[in-house]
Amino acid sequence: MADSGVQRVAHDLLGEPHIRGRRISVRQVAALVEERDTEPETVADRFDLDVADVYHALAYYHDHPGEMEAVKRERAEAIAAFREEIERPDGVDPVTAN
């Protein structure tokens, strides 16, 4: 019996859906394939995955748009909060690198 997408996708890494047993998130897979036009086979080769893992991650991404948007929002908020906590010398602006 073949694995289902649910079995290939786990949530035990920082609460973000990722390929079971790997540290690559579903969002990373979707970004590589859909935003950067990387072939699924190339993603599989690059991260030592079965190509089925890549397709299951993509299916999960599209089957759970609300969850994916919530994860994206949570990560953006966490990054913004972290940036606010960084102590910088006066006059140093990370956006302009001055």
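Description of the structure in this document. (Residues numbered from 1 in each chain as written. Predicted model: local features only at pLDDT ≥ 70, side-chain atom pairs only at ≥ 80, totals over all residues. Heavy atoms only, no water.)

Let's talk about the overall build of the protein chain
Okay, step 1: In terms of helices and strands, the protein chain carries five helices and two strands.
Okay, step 2: Element order for the protein chain, N to C, with α for helix and β for strand: α-β-β-α-α-α-α.
Okay, step 3: Against the compact-globule benchmark of 13 Å for 98 residues, the protein chain has a radius of gyration of 17 Å, which places it well outside the compact range.
Okay, step 4: C-alpha atoms of the protein chain, sized along the principal axes, occupy 60 × 25 × 20 Å.
Okay, step 5: In the protein chain, buried positions account for 28% of the 98 residues.
Okay, step 6: Relative to all contacts within the protein chain whose residues are 6 or more apart in sequence, the contacts with residues 24 or more apart total 46%.
Okay, step 7: For the protein chain, the exposed area adds up to about 7000 Å²; of that, 50% sits on carbon and sulfur atoms.
Okay, step 8: If the 12 positive side-chain charges of the protein chain are averaged to one point and the 22 negative ones to another, these points end up 2 Å apart. (Helix = DSSP H or I, 4+ residues; strand = E, 2+ residues; numbered from the N terminus. Rg over C-alpha atoms; globule rule 2.2 N^0.38 Å. Buried < 20%, exposed > 50% of the residue type's maximum accessible area, 1.4 Å probe, protein only. Contact = heavy atoms within 4.5 Å. Areas by Shrake-Rupley, 256 points an atom, 1.4 Å probe, with all protein chains shown as cover. Lys, Arg positive; Asp, Glu negative; His and termini not counted. Charge placed at Lys NZ, Arg CZ, Asp CG, Glu CD.)

Points about unusual backbone geometry
A negative phi angle characterises most non-glycine residues, just as the trans form characterises most peptide bonds.
Okay, step 1: Here the phi dihedral of D37 falls at roughly 55 degrees; this positive angle occurs in a residue that is not glycine.
Okay, step 2: Checked against the element boundaries, D37 lands in the loop between α2 (26–35) and α3 (40–46).
Okay, step 3: Judged by its relative accessible area of 64%, D37 is exposed.
Okay, step 4: Positioned with a positive phi, D48 is a non-glycine residue whose angle comes to about 55 degrees.
Okay, step 5: On the basis of relative accessibility, which here comes to 58%, the residue D48 falls in the exposed class.

Quick look at a negative patch on the surface
Okay, step 1: Taken together, the side chains of D37, E39, E41, D45, D48 and D50 make up a negatively charged region of the molecular surface.
Okay, step 2: When you line up the elements, D45 lands in helix α3. (Patch = residues over 30% accessible without salt bridge, like charges linked within 9 Å, V, L, I, M, F, W, Y side chains within 5 Å. Salt bridge = Lys/Arg side-chain N within 4 Å of Asp/Glu carboxyl O.)

Topic: the pattern of salt bridges
Okay, step 1: Counted under the stated rule, the structure contains three salt bridges.
Okay, step 2: Between D53 and R8 there is a salt bridge whose closest N-O contact spans 2.4 Å. Pair noted here: D53 is in helix α4 (residues 51–63) and R8 is in helix α1 (residues 5–8), with a separation of 45 residues, a long-range link.
Okay, step 3: Exposure remark for D53: the relative accessible area of 13% places this residue in the buried category.
Okay, step 4: When the shortest N-O distance is used, the salt bridge between R75 and E16 registers 3.0 Å. Placement of the pair is R75 in helix α5 (residues 65–85) and E16 in the loop between β1 (9–10) and β2 (18–19), with a sequence separation of 59 residues.
Okay, step 5: Through salt bridges with shared partners, a single ionic network connects E16, R27 and R75.

As far as function goes, none of this settles anything; it's purely spatial.
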